[in-house]
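So the chains spell out like this:
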Amino acid sequence: PAAVAPGDPVAHSGGVTPVNRVLVVGGGAWGTALAMVARRAGRSVTLWAREAEVVERVNAGHENRMFLPGIALDPAITAEADLAAAARGAEAVLLVTPAQHLRSLLAQIAAPLGPDVPLVIASKGIEQETGLLLSEVLAEAGLSGRTAVLSGPTFAAEVARGLPTAVTLAAEDRALAEDLALAIGGPLFRPYISTDVIGAQIGGAVKNVIAIASGIVHGRRLGENARAALITRGLAEIGRLGAAKGGSAQTLMGLSGLGDLTLTCNSIQSRNMSLGVALGEGQSLADVLGARNSVAEGVWTAQSVGALARRLGVEMPICGAVERILHEGADIEAEIEGLLSRPFRGE
């Protein structure tokens, strides 16, 4: 099976050196929340951030006021501006940078890291220029030896506050996933083990595109029936793309698929859904993005998913409509009419 069933115990494999020193690459809201997760699990944690203000405030005030205001951080979490220096001595690395920046950062950490240090992809997206999943980006960079993926229904602020959360932790090497789960997991942050690295990434990436569509439906006041139908048909699109890439249907019905889709498509807390709401209410994409300091990954993933679907011959009408609205200036009403006018078909 691709995943451990809920309630199944995770025993320590003994095959990996215990993780004590964790580096979190990315000082946004999610990276900061994961730094708190690792610290609660008893790890020594360094947070790398691109922004000097974030580094200063985390070290001096124990708060990430720019991306996660109002949440006190454990004083033992230290922030670092020099990525290469932060990587030296790390025993596990959580990659939480925006997906489109991942490749450029890998070159800075490759040399300082030992060959056996696990790299955990916690970003959700598909590289725009290549159409590669982030695990494939790591493989191209020669860093695929110990890769894992952490994904699931997670609002950063809730995780940072210690509210109960469950995620998928996937690695082709099951023993690696088990050891990482023990390194960062706890009663309030519960990793479920999977070996389906592909499925975990497809679910996490494509749900952001569907969430923009869900927001547009909300912003256009088309009703909850329409939004429920869109989410359900969006899950079908995720499943088709996942199958074409070799992912497991079981994974996409779990936390990193259905779970993440449900959360992201049903709350205005979601950056992607809220962006869709603004578009549905008539705001321009440029105005919405200009007013934010955080990344809505679905904007860039829409184009990547569209290109990947066309290359693989996968039908994804909802994602295609979002891609045209965001990147081709398509009229929202025309795209909605096009979706509603599609031929009747079997479910």
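All of these numbers come straight from a predicted model, not from anything done at the bench.

Novice: I tried to follow helix H14 (residues 297–312) on my own but got confused; where do I start?
Specialist: Three- or four-residue spacings in an α-helix give side chains the same orientation, since the helix completes a turn every 3.6 residues. Between its first and last C-alpha atoms H14 spans 22 Å; for 16 residues at 1.5 Å apiece the expected length is 22 Å, and the two agree. Within H14 the residues assigned to the buried category are Glu 297, Gly 298, Val 299, Thr 301, Ala 302, Ser 304, Val 305, Gly 306, Leu 308 and Ala 309. Where H14 is buried, its residues meet helix H8 (197–219), helix H9 (224–245), helix H12 (271–280), helix H13 (285–290) and helix H15 (317–327). Looking one or two places after H14, you find Gly 313, whose phi comes out positive at around 70°.

Novice: Please clarify how the pattern of salt bridges should be interpreted in this entry.
Specialist: Side chains carrying opposite charge are able to pair once their charged atoms draw close together. Summed over the entire model, instances satisfying the criterion amount to 16 salt bridges. Notably, a salt bridge pairs Arg 103 with Glu 140, separated by 3.0 Å at the nearest N-O pair. One end of the pair, Arg 103, is in helix H4 (residues 102–110); the other, Glu 140, is in helix H5 (residues 134–140), and 37 residues separate them in sequence. By relative accessible area, Arg 103 is classed as partly exposed at 31%. Here Arg 342 makes a salt bridge to Glu 315, at a shortest N to O gap of 2.6 Å.

Novice: What am I meant to see in the side chain of Glu 323 here?
Specialist: One can find Glu 323 in helix H15. Taking relative accessible area as the criterion, Glu 323 reaches 4% and is therefore assigned buried. In this structure Glu 323 touches Ala 302, Gln 303, Gly 306, Arg 310 and Glu 328, once residues within four positions along its chain are discounted.

What counts, and where the lines are drawn
- Residues numbered from 1 in each chain as written.
- Predicted model: local features only at pLDDT ≥ 70, side-chain atom pairs only at ≥ 80, totals over all residues.
- Heavy atoms only, no water.
- Helix = DSSP H or I, 4+ residues; strand = E, 2+ residues; numbered from the N terminus.
- Expected span 1.5 Å × (residues − 1).
- Buried < 20%, exposed > 50% of the residue type's maximum accessible area, 1.4 Å probe, protein only.
- Contact = heavy atoms within 4.5 Å.
- Salt bridge = Lys/Arg side-chain N within 4 Å of Asp/Glu carboxyl O.

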